[in-house]
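Chains, contacts and geometry: an overview
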Amino acid sequence: MDSQYDKLSQQQIKISSRKPDAKILIKDNDAHSVSCTNSSDTSREKWGKEIEFLFSCIALSVGLGNVWRFPFIALENGGGAFVIPYIIVLLLIGRPVYYMEVIIGQFASRGCIKAFDMVPLMKGIAYGQVYATALATTYYACVMALTIKYLMASLSEILPWSYCQPEWGPLCISTAAYNHTHLNNTLLGKPVSSAELYFTKTILREKDNIDDGIGLPNWDLVLCLLTAWLIICTILIKGIRSSGKASYFLAIFPYIVMSILLCRAITLPGSLNGIIYFLRPQWDQLLNPNVWYAAITQMFFSLAICFGTLVMYASYNNFRKNVYRDVIIITSVDSVTSILAGCIIFGILGNLAYETNTHDIAHVVKGGAGLAFISYPEAIAKFKYLPQVFAVLFFLMLLVLGIGSNIGMASCVITVIKDRFQQLPHWLLATGMGVVGFSVGTIYTTPGGQYILNLIDYFGCSFIALFLAIAQLVTVSWLYGVKRLCQDIEFMLGMKTGLYWRVCWAIITPGLMFLVLIYSLINYQPLDYKGVKYPDVVYSFAWLIWAIGVGQLPFWALYTIFQQQPGKTFKQKLYLAIKPNDNWGPLESKLLDEYNLQRKNIDYNDSLTLSWRSRVYDNIFG
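Keep in mind that this is a model prediction, so the values were computed, not measured. All residue numbers refer to positions counted from 1 along the written sequence of the respective chain. Totals for whole chains, interfaces and linings use all residues, but because this is a predicted model, local features are given only for residues with pLDDT of at least 70 and pairs of side-chain atoms are given and counted only at 80 or more. In computing side-chain values, all of the structure's heavy atoms are included and hydrogens and water are not.

What to know about the overall build of the protein chain
In this text, helices come from DSSP runs of H or I with a minimum length of four residues, and strands from runs of E with a minimum of two, each type numbered from the N-terminal end. When helices and strands are tallied, the protein chain shows 24 helices and six strands. To sort residues, take the accessible area from a 1.4 Å probe on protein chains only and compare it with the maximum for the residue type: under 20% means buried, over 50% means exposed, and anything in between is partly exposed. Taken over 622 residues, the protein chain has a buried fraction of 57%. Contacts are assigned to residue pairs that have any heavy atoms within 4.5 Å of one another. Taking all contacts inside the protein chain whose residues are at least 6 apart in sequence as the whole, residues at least 24 apart take part in 82%. Summed over its atoms, the accessible surface of the protein chain is roughly 25,900 Å², and 64% of this surface lies on carbon and sulfur atoms. Calculation of accessible area relied on Shrake-Rupley with a 1.4 Å probe; when residues are assessed, cover is drawn exclusively from the protein chains displayed.

Set out below in structure tokens:
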């Protein structure tokens, strides 16, 4: 077997060692043409200032998921019992994957598609990730539309969710007077707060099911969606430099508002009980696999890893930038923000439990988007002084968080197209992205829109990301190799990579992700929305959406083998397809020459003469 690989390796070396003269260019199919002998550098946009990368990544990662998804997941998984697994998962999965993606993007100075020139066979991973990111961009903008709707409503003289409207019926309880006295006087059934009814009846006009269709768009939400996309396109119109400048505000402003809300939350009666519930560990829950599964899936949402956006952002860095420090800062800030948001929301839930005279904090309010559009508004409506001001601040913060995340996702899609069609002006790409995103997004503004959003979020984003994340980790760690990745880091940053990173990349992180995949498949249950099942035809459509994303991997693998590799036999083509392209390396021609010279001094056959056990050891510790 080894002798066969030796022959293949010799053929590969002969093919890859062909030297073009000064007039020949190596064509980069997805991005740029790089001369091997010309000293002129291939131009690529860069951040105006290096700190813009840090702020942009914070704006991308710290988003709506931190404000409502993290508290909701914690609420479902025992409060404090969730915090410990979350921190452990951050160290074993979140931070290693984040560092890996940033390193790859900065080293290649290309978008996520071109970054997979490191292993051309697996380029379909990047296409699948961009597909999932594009889907997420459409429904994320719809959440921004809801925020804009609430922001405008906050300017009313009386907050419209603080009182009951006649058409809501006798079970409605005014949020401003939501207490145990009213509950005891309500004998007709379970009371519902005016804030919840305002969200479901007035804003969403939500249907009980979608058996008869999703209905027509709510045109007030359509206008809000249009406003959201106008904001996004305005920021993206001039490319990474304009979005980099916007990142200062997008990253900092939410913390100002969160600090104000935290101060208010801890002054509410009963809030301390909620915060204690959130922070007190329930040690028996640590043996519950559901808690660990929730922590891992939340980490993907929280850090925005394995969606291609981090590779894209890092590709605009200067080649020698020390991103190690930035990665530690960003991942720490993101987790601290999640815990801070948890303290705020659980303080509010503690107050709601006090007002409703119940000790069951876990069931005070419905989860999901309701935490942002029901619980927070309820608390704000109770403010004695200037509740409108706090409402405006809160929903403006949500809007800023949504913009920061959506800018990153939309930029990822635009960068992929820009790298392929360089002649297209950036303003045209940004405008086209806005038109398509708005057109698709109108489906979420219908009375059944939340059903569709829930479906796309699961099958079009979460489930696809889980499969492709495992494929990405195996590709980088074992096909490209941890050893070579660490050599690239040393070439770029001049620093050795510690054992912690090596072991996580090679064993712990992909192993844990694989266990999560197996667990999710074993425990799979048909998706529902608020306990309502979807029609069978909708499930078929959902699986088709998933298949398109995951199917990118085998499609592009076969295309790469049969259309792009020069080998004569399938085995030769396959072998060459798992090796980096000839022009893989830094985009700058001078750095690429230095890198190629360094790689020539490495004997590619060393690992082929070792036993498989020795190869595994050498990949991790070599």
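Moving on from the model shown.
A closer look at the UniProt feature "binding site: Na(+)" (unreviewed entry) in the protein chain
Those residues carrying the UniProt feature "binding site: Na(+)" (unreviewed entry) are Val 62, Asn 66, Ser 302, Leu 401 and Ser 405 in this numbering. Across 344 residues in sequence, these annotated residues keep their C-alpha atoms within 12.2 Å of one another, forming a single compact spot. Among all residues touching Val 62, those that are not within four sequence positions of it are Tyr 255, Asp 334, Thr 337, Leu 401 and Ser 405. Topologically, Leu 401 is positioned in helix H16 (residues 387–420). Its relative accessible area of 1% is what places Leu 401 among the buried residues. Apart from the residues within four sequence positions on either side, Leu 401 is in contact with Ala 59, Val 62, Gly 63, Leu 64, Val 67 and Pro 254. UniProt positions are given in the numbering used here, feature names are shortened, and annotations may be inferred rather than shown by experiment.

Concerning the pattern of salt bridges
The working definition used for a salt bridge is a side-chain nitrogen of Lys or Arg within 4 Å of a carboxyl oxygen of Asp or Glu. Counted according to the given criterion, the structure contains ten salt bridges. Two residues, Lys 114 and Asp 117, come together in a salt bridge whose shortest N-O distance is 1.3 Å. Take Lys 114: its relative accessible area is 2%, and that puts it in the buried class. Owing to a relative accessible area of 2%, Asp 117 belongs among the buried residues under this scheme. Between Asp 528 and Lys 533 there is a salt bridge, with the nearest N and O atoms lying 3.9 Å from each other.

Considering the side chain of Ser 271
The topology assignment puts Ser 271 in helix H11 (residues 271–279). At 3.1 Å, the side chain of Ser 271 forms a polar contact with the backbone oxygen of Ala 265. Excluding anything up to four places from it in sequence, Ser 271 contacts Ala 265, Ile 266, Phe 346, Gly 347, Gly 350 and Asn 351. Within 3.5 Å is the distance limit for a polar contact, defined as a pair of N or O atoms, with the added protein rule that one can donate a hydrogen and the other accept it, and that residues adjacent in sequence qualify only through two side-chain atoms.

Notes on the state of the cysteines
Cysteine pairs can be covalently joined through their sulfur atoms, and such a bond is termed a disulfide. Any cysteine sulfur atom paired with another within 2.5 Å is treated as part of a disulfide. Under the criterion given, the structure shown has one disulfide. The disulfide partner of Cys 164 is Cys 172, and the gap between their sulfur atoms is 2.0 Å. Negative torsions about the S-S bond denote left-handed disulfides, and the value of about -90° found for Cys 164 with Cys 172 makes this one left-handed. Of the residues examined, Cys 164 reaches a relative accessible area of 28% and is grouped as partly exposed. Note on Cys 142: no disulfide assigned, nearest cysteine sulfur contributed by Cys 224 at a separation of 9.9 Å. For Cys 224, a relative accessible area of 2% corresponds to the buried category.

Concerning the nonpolar core
Where a protein is soluble and globular, its nonpolar side chains tend to be buried together. Here, nonpolar core refers to any group of buried Ala, Val, Leu, Ile, Met, Phe, Trp, Tyr and Cys residues whose side-chain atoms link them within 4.5 Å. Of all hydrophobic cores here, the largest spans 197 residues; its most connected members are Trp 161, Phe 373 and Leu 398. Looking at which element gives the most residues to this core, the answer is helix H18 (residues 449–493), with 25 residues.

Considering the packing of aromatic side chains
When two rings of Phe, Tyr or Trp (its six-membered ring) have centres within 6.5 Å they constitute a pair, described as stacked for plane angles under 30 degrees, edge-to-face for angles over 60, and tilted for the intermediate range. Under the criterion given, the structure shown has 51 aromatic pairs. The interplanar angle of 80° and the centroid separation of 5.5 Å between the aromatic rings of Phe 463 and Phe 467 together place this pair among those described as edge-to-face. With Phe 463 and Phe 467 both in helix H18, this residue pair falls four residues apart, about one helical turn. Here Phe 463 falls in the buried class, since its relative accessible area comes to 4%. For Phe 467, a relative accessible area of 22% puts it in the partly exposed group. Following the ring pairs from residue to residue traces out a cluster consisting of Tyr 150, Trp 161, Tyr 198, Phe 199, Phe 373, Phe 394 and Phe 395. Lying over the aromatic face of Phe 491, Arg 320 brings its terminal NZ or CZ to 5.3 Å of the ring centre. Any Lys NZ or Arg CZ that is within 6 Å of a ring centre and within 35 degrees of that ring's normal is treated as a charge sitting over the ring.

Here's the deal with the environment of Gly 432
Within the secondary structure layout, Gly 432 lies in helix H17 (residues 426–441). Sequence separation between Gly 432 and Cys 233 is 199 residues; the distance between their C-alpha atoms is 9.2 Å.

Looking at unusual backbone geometry
A positive phi angle is found at Arg 205, which is not glycine, with a value near 50°. Along the polypeptide, Arg 205 turns up in the loop between helix H8 (194–203) and helix H9 (219–236). Residue class for Arg 205 comes out partly exposed when judged on its relative accessible area of 40%.

Regarding a nonpolar patch on the surface
Like charges are joined within 9 Å and nonpolar side chains (Val, Leu, Ile, Met, Phe, Trp, Tyr) within 5 Å, but only among residues with over 30% relative accessible area and no salt bridge; these make up the patches. A surface patch of nonpolar side chains, about 300 Å² in accessible area, is lined by Val 474, Trp 478, Ile 507 and Val 616. Mapped onto the elements of the fold, Val 616 is located in helix H24 (residues 612–621).

What about helix H10 (residues 240–265)?
The span one expects for a helix is its residue count, reduced by one, times 1.5 Å. For H10, which comprises 26 residues, the first-to-last C-alpha distance of 37 Å matches the rise-based estimate of 38 Å (1.5 Å per residue) to within 8%. Fitting one axis to the seven residues ending at a residue and another to the seven starting there, the bend at that residue is the angle between the two axes. Its maximal kink placed at Ala 246, H10 deviates by approximately 35°.

What to know about H8
In terms of burial, H8 is a largely internal element, eight of the ten residues being buried. Those residues of H8 lying buried are Ser 194, Ala 195, Glu 196, Leu 197, Tyr 198, Phe 199, Thr 200 and Ile 203. Arg 205 occupies a position one or two residues after H8 and carries a positive phi of about 50°.

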